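Results of the structural survey
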Amino acid sequence: YWCLKWKNVTERWSISIRQGLEFIKRAQGLALVPYRDESGLRVIGYGHVLNDYETFSHFTREVAETLLTVDLLQCQRELKRSLRVTLNQAQYDALVSLAFSCGAASPALNIVLTHLNHQRFAEALNAWGNIRSGREQRREECARFKACTD
């Protein structure tokens, strides 16, 4: 469990993603040996993309959880720069899952964020649901996000 805090224009957000963390772990699955994902990237742990310089002689669940924590904090830092609307916890968790899975610099994420920042939630969910990679996970993220707006 961790918390990341920042100032957002007029208010202070306190973000904890304990439930979101469990959702991401479930969606990504744990791989203790490297594999290639659907984009051809080398991945290990809970969706950690391996850099060329990263090698592990003994990879454990604990190492995977540490890498996931670092990766998710990076995603949150990137979202902090781009997100201009207030979301509830479940919505934010779903958005962190999308950013982690697609990459914080992903054009698909940028489209979703643009819609969210203009408070066009239906358009954001439509764009989100049309992302081709990880379709099942995208559906689950959208359902989490939408359940909190109905």
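Everything numeric in this text was worked out from a predicted model, so none of it was measured. (Residues numbered from 1 in each chain as written. Predicted model: local features only at pLDDT ≥ 70, side-chain atom pairs only at ≥ 80, totals over all residues. Heavy atoms only, no water.)

**So, the layout of surface pockets**
In this structure, the largest pocket encloses a volume near 590 Å³. Looking at the largest pocket, it is lined by 24 residues, and the ones nearest its centre are D37, G47, V49, F100 and S101. For the lining of the largest pocket, the leading source of residues is helix α3 (residues 89-102), giving 4 residues. In the lining of the largest pocket, the residues fall into 10 nonpolar, 10 polar and 4 charged. (1 Å grid on protein atoms, 1.4 Å probe; cavity = no way out; pocket = protein on both sides within 12 Å on 5 of 7 lines; lining within 4 Å. Points joined across faces, edges and corners; volume = space filled by probe spheres on them. Helix = DSSP H or I, 4+ residues; strand = E, 2+ residues; numbered from the N terminus. Nonpolar A, V, L, I, M, F, W, Y, C, P; charged D, E, K, R; others polar.)

**Section: the pattern of salt bridges**
Between side chains of opposite charge, a pair can form when the charged atoms approach closely. All told, the structure shown has 5 salt bridges when counted by the stated rule. Across the salt bridge formed by E22 and K25, the nearest N and O atoms sit 3.8 Å from each other. With E22 and K25 both in helix α1 (residues 18-28), this residue pair falls 3 residues apart, about one helical turn. Its relative accessible area of 39% is what places E22 among the partly exposed residues. Connected through salt bridges with shared partners, the residues E22, K25 and E65 form a single ionic network. (Salt bridge = Lys/Arg side-chain N within 4 Å of Asp/Glu carboxyl O. Buried < 20%, exposed > 50% of the residue type's maximum accessible area, 1.4 Å probe, protein only.)

**Things to note about the packing of α3 against helix α4 (residues 107-117)**
Taken N-terminus to C-terminus, the directions of α3 and α4 make an angle of 155°; their axes are 10 Å apart at the nearest point. The angle between the axes of α3 and α4 places the two elements in the roughly antiparallel class. Where α3 abuts α4, its residues L95, L98 and A99 lie against L109, V112, L113 and L116. Tallied by class, the residues present in the contact of α3 with α4 amount to 7 nonpolar, no polar and no charged. (Axes fitted to C-alpha atoms, helices over the stretch in contact; angles between N-to-C directions. Parallel < 35°, antiparallel > 145°, perpendicular 65-115°, else oblique. Contact = heavy atoms within 4.5 Å.)

**A short note on the side chain of H115**
Summarising the element assignment, H115 is placed in helix α4. By relative accessible area, H115 is classed as buried at 18%. In this structure, H115 is in contact with R120, E123, A124 and A127, ignoring residues within four places of it in sequence.

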